[in-house]
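As a plain string of letters, each chain reads:
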Amino acid sequence: MGITYTQPTAIHLLDPEELSQRLAATIRSAVPWLVTLSNEDAARPEREGKWSAKQVIGHLTDSAVNNLSRIVRLEIASERMPGYAQEAWVRLQHYRSREWSEVLGLWFALNEHLVWVIRHIDRDSLANQGSVADYTVTLGFLIEDYIAHMQHHLRNLHSWVHPGESVLSDPPPNPLK
């Protein structure tokens, strides 16, 4: 797992319904802003060598795919699960070249499914332990960290992507001149 985005909450305080609502609120509050981005807005990287919005949402899609598998597997039994090569996943799936609406639709659909899956977890399963990339985690913490990871990337994205910016060829007129 490497980097974590939150501190674990005591297992007895976690509730699958609340966790699913937290994830649902995160994705549903981001969508109204994300859909305002044009394909061009979403394809422009933050700066040279950084990901574009398409690639960030693609990365969050990859995270959804990997974490869906981890969540279901940890519900079943304790397991050792690998991490994944995040940069390679984003590069090999060519998110930056794909239509923004398709990238966004895939991210949204996978996360809505995760909301459903999390809502139906048996509360006792949240204490199940496994390892991800040699880090021992509980199912509850895995879900909490997944949500915090998404919130981190969405906050960061919101700070540098501005709808319509990429289509401006000239700076706006200075009203003081």
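Residues numbered from 1 in each chain as written. Predicted model: local features only at pLDDT ≥ 70, side-chain atom pairs only at ≥ 80, totals over all residues. Heavy atoms only, no water.

**Student:** Explanation requested: the overall build of the protein in the structure shown.
**Tutor:** Tallying secondary structure elements over the protein gives six helices and three strands in all. When the elements of the protein are put in sequence order from the N terminus, they spell out α-α-α-β-α-α-β-β-α. Dimensions along the principal axes, computed over C-alpha positions, put the protein at roughly 65 × 30 × 25 Å. Residues classed as buried in the protein amount to 43% of the 177 residues present. At a minimum sequence separation of 6, the contacts of the protein that also span at least 24 residues come to 83%. Within the structure as shown, the protein displays about 9600 Å² of accessible surface, and the carbon and sulfur contribution to it stands at 55%. In the protein, 16 side chains carry a positive charge and 21 a negative one; their mean positions are 4 Å apart. (Helix = DSSP H or I, 4+ residues; strand = E, 2+ residues; numbered from the N terminus. Buried < 20%, exposed > 50% of the residue type's maximum accessible area, 1.4 Å probe, protein only. Contact = heavy atoms within 4.5 Å. Areas by Shrake-Rupley, 256 points an atom, 1.4 Å probe, with all protein chains shown as cover. Lys, Arg positive; Asp, Glu negative; His and termini not counted. Charge placed at Lys NZ, Arg CZ, Asp CG, Glu CD.)

**Student:** Whenever I open this one, the nonpolar core confuses me. Can you help?
**Tutor:** Where a protein is soluble and globular, its nonpolar side chains tend to be buried together. Among the nonpolar cores identified, the biggest contains 46 residues, and L34, I57 and W107 are the most heavily contacted of them. Listing elements by their share of this core, those giving two or more residues are α1 (16-34), α3 (53-76), α5 (100-119) and α6 (139-160). Aside from chain neighbours lying at most four places away, what touches I57 is L34, W100, V103, L104, W107, L154 and L157. (Core = buried A, V, L, I, M, F, W, Y, C linked by side-chain atoms within 4.5 Å.)

**Student:** Explain the packing of α3 against helix α4 (residues 86-93) here, please?
**Tutor:** What describes two packed helices is the angle between their axes and the distance between those same axes. It is the contact of α3 with α4, at a shortest axis distance of 9 Å, that shows an interaxial angle of 115°. Here α3 lies roughly perpendicular to α4, going by the angle between them. Taken as a pair, α3 and α4 cross one another with a handedness that is right-handed. Only Q86, W89, V90 and Q93 of α4 make contact with α3, whose side of the interface consists of Q55, H59, D62, V65 and N66. Residue composition of the contact of α3 with α4, grouped by class: three nonpolar, five polar and one charged. (Axes fitted to C-alpha atoms, helices over the stretch in contact; angles between N-to-C directions. Parallel < 35°, antiparallel > 145°, perpendicular 65-115°, else oblique. Left-handed = near helix turned anticlockwise from the far one by under 90°. Nonpolar A, V, L, I, M, F, W, Y, C, P; charged D, E, K, R; others polar.)

**Student:** Sorry, what's going on with the sheet that holds strand β1 (residues 80-81) here?
**Tutor:** Strand pairing in a sheet takes place through backbone hydrogen bonds and is either antiparallel or parallel in direction. Pairing is mixed across the open sheet formed by three strands, whose spatial order is β1-β2-β3. Each having just a single partner strand, β1 and β3 (135-138) make up the two edges of the open sheet. In this structure, β1 lies alongside strand β2 (residues 129-132), joined through two bridges in parallel fashion. Along β2, the bridge assignment pairs R80 with S131. Along the sheet, α6 contacts β2 and β3; its crossing angle with β3, the most-contacted strand, is approximately 95°. (Pairing = 2+ DSSP bridges.)

**Student:** Just checking my understanding: could you explain the packing of α3 against α6 for this structure?
**Tutor:** Interhelical geometry of α3 versus α6 gives an angle of 175° and a closest axis separation of 10 Å. One finds that α3 runs roughly antiparallel with respect to α6. Within the contact between the two elements, α3 uses A53, V56, I57, H59, L60, S63, A64, N67, R70, I71, L74 and E75 and α6 uses L139, L142, I143, Y146, H149, M150, H153, L154, L157 and W160. Each residue belonging to the contact of α3 with α6 can be placed in one class, and the counts come to 15 nonpolar, five polar and two charged.

**Student:** I would appreciate a short explanation of the pattern of salt bridges in the present structure.
**Tutor:** Pairing of side chains with opposite charge becomes possible as their charged atoms draw close. Evaluated as defined, the whole model comprises eight salt bridges. For E17, the salt bridge identified is with R119, shortest N-O distance 3.7 Å. Separated by 102 residues along the polypeptide, E17 in helix α1 and R119 in helix α5 bring together distant segments of the chain. Its relative accessible area of 31% is what places R119 among the partly exposed residues. Linking R98 and E102 is a salt bridge whose minimum nitrogen-to-oxygen distance equals 3.1 Å. Note on R98: relative accessible area 35%, which makes it partly exposed. Given the relative accessible area of 40%, E102 is considered partly exposed. (Salt bridge = Lys/Arg side-chain N within 4 Å of Asp/Glu carboxyl O.)

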